[in-house]
Amino acid sequence: MPGEPSVSIFGDAEALADAAAERVAERLIEAVGRRGRADLATTGGSTPAALYLRLASEPLRSRVPWQSVHIWWGDDRYVPRDHPLSNVFGVDEILLEEVHGVPLPANHVHPWPTGRAIAEDLGPEWCATTYAAEARDALPQSPAGVPIFDLVLLGVGPDGHLLSVFPGSAALSSDQLALAIPAPTHVEPHLPRVTFNPSILGATPAILVMVGGVAKAAVVARILDGPRLDPAAPDGLPAQLARRASAAWFLDAAAGSKLQPRP
Ligand code: 6PG
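None of these values were measured; they are calculated from a predicted model.

**Q** Explain the nonpolar core to me, please; I cannot follow it from the model alone.
**A** Within the largest apolar cluster, 82 residues are counted, with the highest numbers of intra-cluster contacts made by Leu 55, Trp 66, Leu 95, Trp 112, Leu 154, Phe 196 and Trp 249. Counting residues per element, this core draws most heavily on helix H1 (residues 13–35), at 9 residues.

Below, the structure written as structure tokens:
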């Protein structure tokens with residue numbers, strides 16, 4: 001049984017980013033203390049920028065043992081790393097910014113190899129398979145062979161997707177660890193994607209979902225208060241895969257405004 005997540009609602013987007021940055025920092029510090037390194041799988045979209053800014057500012061910049069942190073991406077768009085729509089771009093521009101960024105060794109940054117795949121015309125399937133092998137080599141694995149991240153950070157799309165796993169996605173019935181996903185036509189940006197299988201969510205001990213803005217209020221209420229739907233159905237909500245006891249949902253007041261009151 002997946003159980004229910006904890007749900008925290010913060011006054012505004014600033015308070016949400018403050019709390020999320022604290023939670024990410026705590027989790028990284030805890031993992032480095034316990035096993036000597038921390039592996040974070042981060043997300044794309046617009047939401048994490050405020051979080052990266054806080055991690056790159058004091059006091060968190062000095063508190064987190066960045067030399068022992070590794071960053072991965074749960075999914076990416078099939079564009080080179082320096083493309084503004086790449087999920088790596090925000091990390092490069094804010095978290096790893098040359099002057100003010102955090103001291104993360106360059107070889108601890110693990111982007112999907114989209115740049116090489118595109119430059120050498122190797123294709124998104126190659127990109128996905130190569131990334132799956134890199135993660136399996138570097139990380140501890142569950143009994144089912146799924147890499148275990150110390151923390152998976154997620155956003156939620158307007159259609160209830162997470163990672164690049166859209167309602168009805170082939171990823172939901174695949175046993176491949178990482179997959180190439182055709183460009184979605186129903187949500188922007190209309191770019192092909194590469195994504196981990198959502199099975200990584202079952203293997204990770206800690207998930208943090210960040211959602212802000214009134215535009216997400218209705219979908220958040222369907223995900224957290226509605227019946228659990230088959231995520232593979234065309235009207236399913238893959239983000240319900242993060243409706244589980246190992247997840248913390250951090251919302252701003254607008255995104256949480258349609259939820260039923262919680263005890
Ligand atoms: C992506 C994602 C995706 C994202 C959500 C939320 O590549 O688009 O990783 O799952 O997290 O769509 O995006 P926003 O933060 O922009 O609302």
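**Q** I tried to follow the pattern of salt bridges on my own but got confused; where do I start?
**A** Pairing of side chains with opposite charge becomes possible as their charged atoms draw close. The tally for this structure, following the rule as stated, stands at 15 salt bridges. Between Arg 228 and Glu 4 there is a salt bridge; the shortest N-O distance is 3.1 Å. Taken together, the residues span a long stretch of sequence, with Arg 228 in the loop between helix H8 (217–225) and strand S10 (247–252) and Glu 4 in the segment before strand S1 (6–10) at a distance of 224 residues. We note a salt bridge from Arg 243 to Glu 4, for which the minimum N-O separation is 3.1 Å. Separated by 239 residues along the polypeptide, Arg 243 in the loop between H8 and S10 and Glu 4 in the segment before S1 bring together distant segments of the chain. A relative accessible area of 7% places Arg 243 in the buried class. Here the residues in one salt-bridge network are Arg 27, Glu 30, Arg 34, Arg 35, Arg 37, Asp 39 and Asp 150, joined through shared partners.

**Q** How should the side chain of Ser 86 be read in this particular structure?
**A** Tracing the sequence through the fold places Ser 86 in the loop between strand S4 (75–77) and helix H4 (89–95). In terms of polar contacts, Ser 86 uses its side chain to reach the backbone amide nitrogen of Val 88, at 2.9 Å. Not counting the four nearest positions on each side in its chain, Ser 86 is found in contact with Asp 76, Val 79, Pro 80 and Arg 81.

**Q** Please clarify how the site of the ligand should be interpreted in this entry.
**A** What surrounds the ligand is a group of 15 residues, the closest being Ser 46, Thr 47, Asp 75, Leu 163 and Lys 216. Here an oxygen atom of the ligand sits 3.2 Å away from a polar atom, N or O, in the main chain of Gly 44. Asp 75 is positioned with one of its side-chain polar atoms (N or O) 2.8 Å from an oxygen atom of the ligand. For the ligand, whose accessible area on its own is 420 Å², the fraction buried by protein is 89%.

**Q** Sorry, what's going on with the sheet that holds strand S7 (residues 178–181) here?
**A** Backbone-to-backbone hydrogen bonds pair the strands of a sheet. The strands run either parallel or antiparallel. Across the sheet, which stays open at both edges, the 3 strands sit in the order S4-S8-S7 with antiparallel pairing between neighbours. Edge strands, defined here as strands with exactly one partner in the open sheet, are S4 and S7. Neighbouring strand axes in the sheet, compared pairwise and without regard to direction, differ in orientation by 15° on average. Here S4 runs beside strand S8 (residues 193–196); their pairing, made up of 3 bridges, is antiparallel.

**Q** What exactly am I supposed to notice about H1 here?
**A** Each full turn of the α-helix corresponds to 3.6 residues, which orients residues three or four apart in the same direction. A rise of 1.5 Å per residue sets the reference length of H1, with its 23 residues, at 33 Å; its end C-alpha atoms lie 33 Å apart and thus fit the reference within 8%. Taken together, the buried positions of H1 are occupied by Leu 16, Ala 17, Ala 19, Ala 20, Ala 21, Val 24, Ala 25, Arg 27, Leu 28, Ala 31 and Val 32. The residue sitting at the N-terminus of H1 and contributing the capping side-chain oxygen is Asp 12; that oxygen lies 3.2 Å from the backbone nitrogen of Glu 14. Downstream of H1 by one or two residues, Gly 36 has phi in the positive range, about 85°.

What counts and how
Residues numbered from 1 in each chain as written. Predicted model: local features only at pLDDT ≥ 70, side-chain atom pairs only at ≥ 80, totals over all residues. Heavy atoms only, no water. Core = buried A, V, L, I, M, F, W, Y, C linked by side-chain atoms within 4.5 Å. Buried < 20%, exposed > 50% of the residue type's maximum accessible area, 1.4 Å probe, protein only. Helix = DSSP H or I, 4+ residues; strand = E, 2+ residues; numbered from the N terminus. Salt bridge = Lys/Arg side-chain N within 4 Å of Asp/Glu carboxyl O. Polar contact = N/O pair within 3.5 Å; in protein donor to acceptor, adjacent residues only side chain to side chain. Contact = heavy atoms within 4.5 Å. Near = heavy atom within 4 Å. Areas by Shrake-Rupley, 256 points an atom, 1.4 Å probe, with all protein chains shown as cover. Pairing = 2+ DSSP bridges. Axes fitted to C-alpha atoms, helices over the stretch in contact; angles between N-to-C directions. Expected span 1.5 Å × (residues − 1).

Everything listed here is a matter of coordinates, which is why it stays silent on function.
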